[in-house]
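A structural walkthrough
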Amino acid sequence: MEPRKLLSSLFYFSLLSLLPGNQQVVGSAHHRHLFDFRPSKLFLFGDSYADTGNLGRSVGRSWKEPYGITFPGKPAGRFSSGRVLTDYLAKFVGIKSPITYKLRRVGGEYLSNGMNFAYGGTGVFEITSPLPNMTTQIGYFEQLIKEEVYNLLEIRQSSAAILVLSGNDYSSYLSRNGSAQGFPSFITQVVNQLALNLKRIQGLGLKKVAVTTLQPSGCLPQITVASSFQKCNGSLNSLANYHNLLLKQSVAKLNNETKETTFVIIDLYSAFMTVFTNKSDHLGSTIFENPLKPCCVGISSGDVCGSVDENGTKKYTVCENPEAAFFWDTVHPTQEGWRSVYSALQSNLQQLY
């Protein structure tokens, strides 16, 4: 998700009256137990919250200093100080982080943990050509199966797919001067496309297909800077909740329609809010003095984390201890931020089994 775009979203205050009211949030899914199933491969699709290096060096800030300062100690394509959501999801199921699609030709044992198709800056719809949106990413997966890089029968027995969406479609909507009146309808379009993507993966026969909720968008530093990082924007969080409501309803419907696949919600919204409320991880072992304040920021307007001038002079500052901060830049968590979210997700992630 790109910074800046959502700052124009002050017009969102008028949106709350446009959202359908009195809707009841449905459960993430009714649970079925698929005996003896534990994923040994993960296939990920999405954006910068999941990307571990697909986005090219020429276009990705994730390949520039100071990204990767915590892990692996240098820029490596992750939009963070270190590990990201993908790495912790892999840890949960007991595998190494899946190889990126960009490195697919390495082959061999590197394919054994699945593959990460996520590209930073993308969404369910086309945002920045030629970056592949989620539909195209799923197409890459299908092509690898067609080429027998992966055996379909084995995938069905051993794999889970995870779709990650952090809101680039909504940033793009704003950059196109989308109207406040049209925003609820656009949210519906995004969720409907997500549901189509879920069904498409279901068609391959995977036993578990998971999708993340939208994080609390009103708590991102690019928004909370307006309050000196002191409070979240409730209107934006209400919009995120509306997206999540529609998504949960869609997932419940999909689960009612199939017996072969279990669709799972990974509730990033609740996990983020748990950390913000407690100002610590689930166990209280990491304390975030101000979880809304980012570690790496641009020096002046127009600068961002990783910016340099024509002489290569840094145009950003980095906090003294990145792992004492929840947010790395104005959108993405630090490694410790993601670890604390992972800690809060523990019971939720049991649904992957």
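Below or above, wherever it landed, is the structure these notes cover. All values reported here derive from a predicted model rather than from experimental measurement.

Rules of the game
Residues numbered from 1 in each chain as written. Predicted model: local features only at pLDDT ≥ 70, side-chain atom pairs only at ≥ 80, totals over all residues. Heavy atoms only, no water. Helix = DSSP H or I, 4+ residues; strand = E, 2+ residues; numbered from the N terminus. Buried < 20%, exposed > 50% of the residue type's maximum accessible area, 1.4 Å probe, protein only. Contact = heavy atoms within 4.5 Å. Areas by Shrake-Rupley, 256 points an atom, 1.4 Å probe, with all protein chains shown as cover. Axes fitted to C-alpha atoms, helices over the stretch in contact; angles between N-to-C directions. Left-handed = near helix turned anticlockwise from the far one by under 90°. Nonpolar A, V, L, I, M, F, W, Y, C, P; charged D, E, K, R; others polar. Patch = residues over 30% accessible without salt bridge, like charges linked within 9 Å, V, L, I, M, F, W, Y side chains within 5 Å. Salt bridge = Lys/Arg side-chain N within 4 Å of Asp/Glu carboxyl O. Expected span 1.5 Å × (residues − 1). Pairing = 2+ DSSP bridges.

**Section: the overall build of the protein chain**
Across its full length, the protein chain holds 10 helices and 8 strands. Counting the 353 residues in the protein chain, one finds 58% classified as buried. Of the contacts made within the protein chain by residues no fewer than 6 positions apart, 74% connect residues no fewer than 24 positions apart. Accessible surface for the protein chain amounts to roughly 15,100 Å². Of this, 50% is attributable to carbon and sulfur atoms.

**Some details on the packing of helix α4 (residues 168-175) against helix α5 (residues 183-202)**
For the pair α4 and α5, the least separation of the axes is 11 Å and the interaxial angle reads 145 degrees. As for the relative orientation of α4 and α5, their crossing is right-handed in sense. Where α4 approaches α5, its residues D169, Y170, Y173 and L174 are matched on the opposing element by F183, F186, I187 and V190. Here the residues of the contact of α4 with α5 sort into 7 nonpolar, no polar and 1 charged.

**A closer look at a nonpolar patch on the surface**
Together, L103, V106 and Y110 make up an exposed nonpolar region whose accessible area comes to about 300 Å². Along the chain, V106 falls in the loop between β2 (99-100) and β3 (114-116). Judged by relative accessible area, V106 falls into the partly exposed class, the value being 49%.

**Quick notes on α5**
Here α5 is 20 residues long and its end C-alpha atoms lie 29 Å apart, about the 28 Å a rise of 1.5 Å per residue gives. Taken together, the buried positions of α5 are occupied by F183, P184, F186, I187, V190, V191, Q193, L194, A195, N197, L198 and I201.

**Considerations on the sheet that holds β3**
Pairing between the strands of a sheet comes from backbone hydrogen bonds, and it takes one of two forms, parallel or antiparallel. Within the open sheet, the 6 strands sit side by side as β2-β3-β1-β4-β5-β6. Their pairing is parallel. Across the chains shown, the open sheet's two edge strands, defined by having one partner strand only, are β2 and β6 (262-266). Inspection of the sheet shows strand β1 (residues 41-45) paired to strand β4 (residues 159-163) by 5 bridges, in the parallel sense. Bridged to L42 within β4 is A160. Where helix α1 (residues 85-93) meets the sheet, its contacts fall on β1, β3, β4, β5 (208-212) and β6, and the angle it forms with β1 comes to roughly 160 degrees.

**Topic: the pattern of salt bridges**
Enumeration according to the criterion identifies 7 salt bridges in this entry. Across the salt bridge formed by E154 and K41, the nearest N and O atoms sit 2.8 Å from each other. Here E154, found in helix α3 (residues 152-158), pairs with K41, found in strand β1; they are 113 residues apart in sequence, far enough to count as distant. Classification of E154 by relative accessible area gives partly exposed; the value is 38%. Between D329 and R61 there is a salt bridge; the shortest N-O distance is 3.8 Å. One end of the pair, D329, is in the loop between β8 (316-318) and α9 (335-344); the other, R61, is in the loop between β1 and α1, with 268 residues separating them in the sequence. Judged on exposure class, the residue D329 and its partner R61 are both buried.

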